[in-house]
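Okay, here's what each chain looks like letter by letter:
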Amino acid sequence: MSHTPSPLSFLTRRSLVLAAGAALAACGGIPLRSLPRLVQLSGQMLDANPAHFMVALQVDARLTPPAGAVPYLLLKLTPKVAGAFEPVDKKLPLAMSSTGGATLGLDAPGPGRRWLVYSLPPATQAELQKVQAMVRLAQAQPGYQRGGSLAMGVEQNELAVADPALARTKWSTWMQIQQNEGFFEVWNGTPEDIRRLAEK
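Residues numbered from 1 in each chain as written. Predicted model: local features only at pLDDT ≥ 70, side-chain atom pairs only at ≥ 80, totals over all residues. Heavy atoms only, no water.

A separate point is the pattern of salt bridges. Summed over the entire model, instances satisfying the criterion amount to seven salt bridges. Note that Asp 47 and Arg 136 form a salt bridge whose closest N and O atoms lie 3.8 Å from each other. A residue pair is termed long-range when its members are at least 10 positions apart, and Asp 47 in helix α2 (residues 41-47) and Arg 136 in helix α3 (residues 122-140) qualify at 89 residues. With relative accessibility at 38%, the residue Arg 136 sits in the partly exposed group. Two residues, Arg 196 and Asp 193, come together in a salt bridge whose shortest N-O distance is 2.9 Å. Here the residue Arg 196 and the residue Asp 193 both occupy positions in helix α4 (residues 191-198), the gap between them amounting to three residues, near one helical turn. Taking relative accessible area as the criterion, Asp 193 reaches 23% and is therefore assigned partly exposed. (Salt bridge = Lys/Arg side-chain N within 4 Å of Asp/Glu carboxyl O. Helix = DSSP H or I, 4+ residues; strand = E, 2+ residues; numbered from the N terminus. Buried < 20%, exposed > 50% of the residue type's maximum accessible area, 1.4 Å probe, protein only.)

Attention now moves to the environment of Gln 156. Along the chain, Gln 156 falls in the loop between β7 (148-155) and β8 (171-176). Taking the C-alpha atoms as reference points, Gln 156 and Leu 57, 99 residues apart in sequence, are found 9.5 Å from one another. Of note is the side chain of Gln 156, whose polar atom sits 3.1 Å from the side chain of Trp 171. Here the side chain of Gln 156 touches Thr 173 through a polar contact of 3.0 Å, side chain to side chain. (Polar contact = N/O pair within 3.5 Å; in protein donor to acceptor, adjacent residues only side chain to side chain.)

Another point: the pairing of strand β2 (residues 54-60). With seven of its seven residues buried, β2 lies for the most part within the structure. The pairing of β2 with strand β6 (residues 113-119) spans seven bridges and is classified as antiparallel. Bridge assignment links Leu 57 to a residue of β6, and that residue is Leu 116. (Pairing = 2+ DSSP bridges.)

Another aspect to go through is the packing of aromatic side chains. For the coordinates displayed, the defined rule picks out one aromatic pair. Pairing Trp 115 with Trp 174 gives two aromatic rings, centres 6.0 Å apart and planes at 80°, and the pair type is edge-to-face. On the criterion of sequence distance, the pair formed by Trp 115 in strand β6 and Trp 174 in strand β8 is long-range, its members being 59 residues apart. Taking the ring centre of Tyr 72 as reference, the NZ or CZ of Lys 91 above it sits at 4.6 Å. (Phe/Tyr/Trp six-rings, centres within 6.5 Å; stacked < 30°, edge-to-face > 60°. Lys NZ or Arg CZ within 6 Å of the ring centre and 35° of its normal.)

Below, the discussion takes up α4. Those residues of α4 not exposed but buried are Pro 191, Ile 194 and Leu 197. End-on view of α4: buried residues confined to an arc of 125°, all on one side of the axis. Those residues of α4 that are buried are in contact with β8 and β9 (184-189). (Arc of directions from axis to C-beta. Contact = heavy atoms within 4.5 Å.)

Honestly, that's just the spatial picture; any functional story needs more than this.
In structure tokens form, the structure reads like this:
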């Protein structure tokens, strides 16, 4: 999918699955109420303060992520015509946040549920700033006018434990791009769904 300016889509392998424009409605697990926000993410992500970017997962209270497992922010800028500009392909790790969901404005998770909240550590914030600059530089190149696509994803398969008792429990992924706008839900499904996507 290619447009100028480039749209935002969510990467399809090992990540949340979104696509820009009308195709959004056909992607399973994406709340319809989130579609207006999702189609605006491209510009917002390039202008976002990396310190404000966060991912919150609402999961079964029994779920404990494996040691060292974290979600990743994926960013990929691909030219429509090879060589038109330098492509960008980055995978940036998040880290568990010490700030609780209630402090961040997230609703109480309910009985038997919990929030796992992740943010970008300082080193990753600096890396995201570099990526933002790389994308802007690519967009300023004459070749960019020939088209390209900007894709974004949150890889979370490392967190989806293989415990059969939790395989079909509800998993809800929320994202914050700008602190003043708070979190919004971008996907819901089960750990089983996440593991299935990772295998595709």
